[in-house]
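For reference, the chains in residue letters:
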Amino acid sequence: MIAHPGSEVRVLVRSRPTANFAQELIEYLPDGQTVSVHQRKDSRKGVVNNQLSSWSFRLDGVLHDVSQEEVYGRVGRGVVLGALEGYNGTVMCFGQTGAGKTYTMTGATENYKQRGIIPRALQEVFHEVEQRSDHAFSVHLSFLEIYNETLVDLLASVRGCPGVGPGGMAVVEEAGGGVSVRGLSLHPVHSEEVALNLLFEGEMNRIIGAHALNKNSSRSHCILTVHIESRSHTLSDAKYVTSKLNLVDLAGSERLGKTGSEGQVLKEAMYINKSLSFLEQAILALADRRRDHVPFRQTKLTHALKDSLGGNCNTVLVANIYGEASQIEETLSTLRFASRMKCVQMDPVVNEHTDPVLQVRKLEKEIQLLKQELSIHNTLANRMGMSYDTLSETQVAEIQSQVRRYLEGSLDEINISLAYVLNRQQEQKVKAQLCQNYTLVEKAQSTAGSTAAKVSLCLMLGPVATKMVLLQTSCILESVNPVQRDREGREHDPQNQEPQGPQEPLRTEYKHTYVPLYNICPVYYMRYSMHRDNMSDLVFLHSSSPPPKAEAFEDFKAERGSEINRILKENKVVLLERRRNDETGSHGDRHRKGRPKMTSAAEDRFIRVNCTSDCIPNK
Ligand SMILES: Nc1ncnc2c1ncn2[C@@H]1O[C@H](COP(=O)(O)OP(=O)(O)OP(=O)(O)O)[C@@H](O)[C@H]1O
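Residues numbered from 1 in each chain as written. Predicted model: local features only at pLDDT ≥ 70, side-chain atom pairs only at ≥ 80, totals over all residues. Heavy atoms only, no water.

**With respect to the pattern of salt bridges**
Piece 1. The final tally for this structure, using the stated rule, is 20 salt bridges.
Piece 2. Put simply, E85 and R132 hold a salt bridge, and the shortest N to O gap is 3.0 Å. With E85 in helix 1 (residues 68–85) and R132 in the loop between helix 3 (117–131) and strand 7 (135–147), this residue pair connects regions lying 47 residues apart in the sequence.
Piece 3. Assessed through its relative accessible area of 40%, E85 is described here as partly exposed.
Piece 4. A relative accessible area of 18% places R132 in the buried class.
Piece 5. For the salt bridge of E554 with K557, the shortest nitrogen-to-oxygen distance reads 3.6 Å. Of this pair, E554 and K557 both sit in helix 13 (residues 549–558), 3 residues apart, which is roughly one turn of the helix.
Piece 6. Exposure remark for K557: the relative accessible area of 22% places this residue in the partly exposed category.
Piece 7. When salt bridges with common partners are traced through the structure, they connect E85, E128 and R132 into a single cluster. (Salt bridge = Lys/Arg side-chain N within 4 Å of Asp/Glu carboxyl O. Helix = DSSP H or I, 4+ residues; strand = E, 2+ residues; numbered from the N terminus. Buried < 20%, exposed > 50% of the residue type's maximum accessible area, 1.4 Å probe, protein only.)

**A closer look at the site of the ligand**
Piece 1. Taken together, 15 residues lie near the ligand, and T97, T102, Y103, S217 and S218 sit nearest.
Piece 2. Taking G252, its main chain carries an N or O atom lying 3.1 Å from an oxygen atom of the ligand.
Piece 3. Taken by itself the ligand offers 620 Å² of open surface, and the protein chains cover 77% of this.
Piece 4. Considering only residue class, the shell around the ligand consists of 3 nonpolar, 9 polar and 3 charged. (Near = heavy atom within 4 Å. Polar contact = N/O pair within 3.5 Å; in protein donor to acceptor, adjacent residues only side chain to side chain. Areas by Shrake-Rupley, 256 points an atom, 1.4 Å probe, with all protein chains shown as cover. Nonpolar A, V, L, I, M, F, W, Y, C, P; charged D, E, K, R; others polar.)

**With respect to helix 1**
Piece 1. Helix length check: helix 1 (18 residues) gives 25 Å between terminal C-alpha atoms against 26 Å at 1.5 Å per residue, within 8%.
Piece 2. The largest bend in helix 1 amounts to roughly 50° and is located at G76.
Piece 3. For helix 1, every residue scored as buried is listed here: Q68, V71, Y72, V75, G76, G78, V79, V80, G82, A83 and L84.
Piece 4. Immediately beyond the C-terminal end of helix 1, within one or two residues, lies G86, with a positive phi of roughly 110°. (Expected span 1.5 Å × (residues − 1). Bend = angle between axes of the 7 residues up to and from the residue.)

**Things to note about the side chain of T90**
Piece 1. Summarising the element assignment, T90 is placed in strand 6 (residues 89–95).
Piece 2. Under the relative-accessibility criterion, T90 is labelled buried at 0%.
Piece 3. Excluding residues within four positions of it along the chain, T90 makes contact with V79, N246, V248, S308, C313, N314, T315 and V316. (Contact = heavy atoms within 4.5 Å.)

**A closer look at the packing of helix 3 against helix 4 (residues 192–205)**
Piece 1. Orientation of helix 3 relative to helix 4, taken along the N-to-C sense of each, is 155°, at an axis distance of 9 Å. Taken together, the axes of helix 3 and helix 4 lie roughly antiparallel to each other. As for how helix 3 packs across helix 4, the hand of that crossing is right-handed. Across the interface between the two elements, I118, P119, L122, Q123 and F126 of helix 3 pack against E192, A195, L196 and L199 of helix 4. (Axes fitted to C-alpha atoms, helices over the stretch in contact; angles between N-to-C directions. Parallel < 35°, antiparallel > 145°, perpendicular 65-115°, else oblique. Left-handed = near helix turned anticlockwise from the far one by under 90°.)

**Side note on the pairing of strand 1 (residues 10–16)**
Piece 1. Counting buried positions along strand 1 gives 5 out of 7 residues, so the element sits mostly inside the fold.
Piece 2. Note: strand 1 against strand 16 (residues 314–322), 7 bridges, orientation parallel. Counterpart to R14 in the pairing with strand 16 is N320.
Piece 3. Here strand 1 runs beside strand 5 (residues 61–63); their pairing, made up of 3 bridges, is parallel. Bridge pairing in strand 5 places R14 opposite L63. (Pairing = 2+ DSSP bridges.)

Written as structure tokens, this is what we have:
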């Protein structure tokens, strides 16, 4: 059963069986929750009377004459199940010496039925771990003893235990308000059997002493902690929950006069009483909601229990009493502590964490999936070969090498593999680098018939830098070498020129070529032109914008329509010839019978109409 946030620590009272149970002084009311204590005034304190004083304590339950099994069911089970869900839990026994705390927590070793809360809790933990196959659990045990204000690792004797470091053991504060014990060994446990072995090993190491009230009196406080970590197989594997289940067997308070302790046992009793008194002070502060400060650090016991007493912890206290008339003052004292503890508020929450390593792995997987999805989108949008990875050092070196060789003239054509794709970001980087070295003027340009915004980059660069820009936009370029022609239009190879007489200046022609930059998103068409005066224009147009008609027609005539253009020119020559003939023979009408004379403009139109085919763009 998990406590609701804001509810109080659960407190139950358990009385040790005794033949001399003080029925007239201790009364358990039928509601099963209330204990009434009646006490005679002490005649030794002066005034003799038989007046009774009564106190009533309403707790969460009374465990009187009940089996160990029932005690576990009512005290331990809920806390253990909560710990498996990720809630911290504490089960603690408090009471005078000989009242049955160790019996409640550990039980009697000679009889299996009399095993206490700790072995039953360990059994339940491993039973649940087996049942909950949808989770992966990891369980560790630690066993701390606080003896005479000294921290002792009760499992230090276990084989393979690393031992306490040079700093010794100490209670240390953790981020988030928790505490842990530095130097305390943690033991991985995979089965109930291993856990019980560790419990018994620790119990053997515990310090016990004998006095009048208990021949096996615990002389120390002990905290067995079950550390549980659970990861779901079905939900996100980066998320996991942890919990600490503290099973606390406190040493009992004792009246030195009654126990007759001497020597070492007396010294121990003083430490025990002192630490229990600090515990009471801490509980008093915790129970008082107006108090800001809780004195946890006054003693090792309260410091070690700082995150186990209410707060983010599902806490249950068993107040053990020794129900004989001679112990009535101790019983009263224990019940007062119990009722204070009952005022301590709890706000248990699941301790959920995110594993940073697994989280990174998960995000990397997610990125991979998103990349695949993007790649599918790009394929569907006819944008093949897009890459969003940054260029490796080798790729950058290769590009730089090609650029250098191209600029030096030792490389005719840039052939950068399309794997070296520049994305928008990289494009911007290239542009920024260029801006550092050259004057870059950017201007908006609108083209008729296109609704999309067009960007025109007018680079005031020499041809070398222009080539570099072309290269860095990563397109496959057609030859950008200018063609040199003489006055007759004959092409001249500058590499292979024979020495001639007085040189006639050559005319340089630059082709306008549309180059699709497949690897830049969105797809651009780039027109580049290089002029005699070394001024270069680079125009990046969205694919939705065709080139201007006039230019497209010129290109068409120079390339695919060159044959038609040739015929057209021939026809024009023939027609002009005919017109001249007509004009010279205007005296006679033999060749133009029935046909009206054409004007020069009409002839042009005629030629155009005749030469227009489906493959010629309209001019
Ligand atoms: N509910 C019980 N049923 C049977 N025997 C009990 C019960 N409670 C206590 N005893 C017996 O009483 C004796 C003292 O109990 P126990 O050692 O558990 O007391 P304690 O509170 O732990 O004392 P101390 O603080 O001195 O360690 C033991 O012999 C134990 O077996």
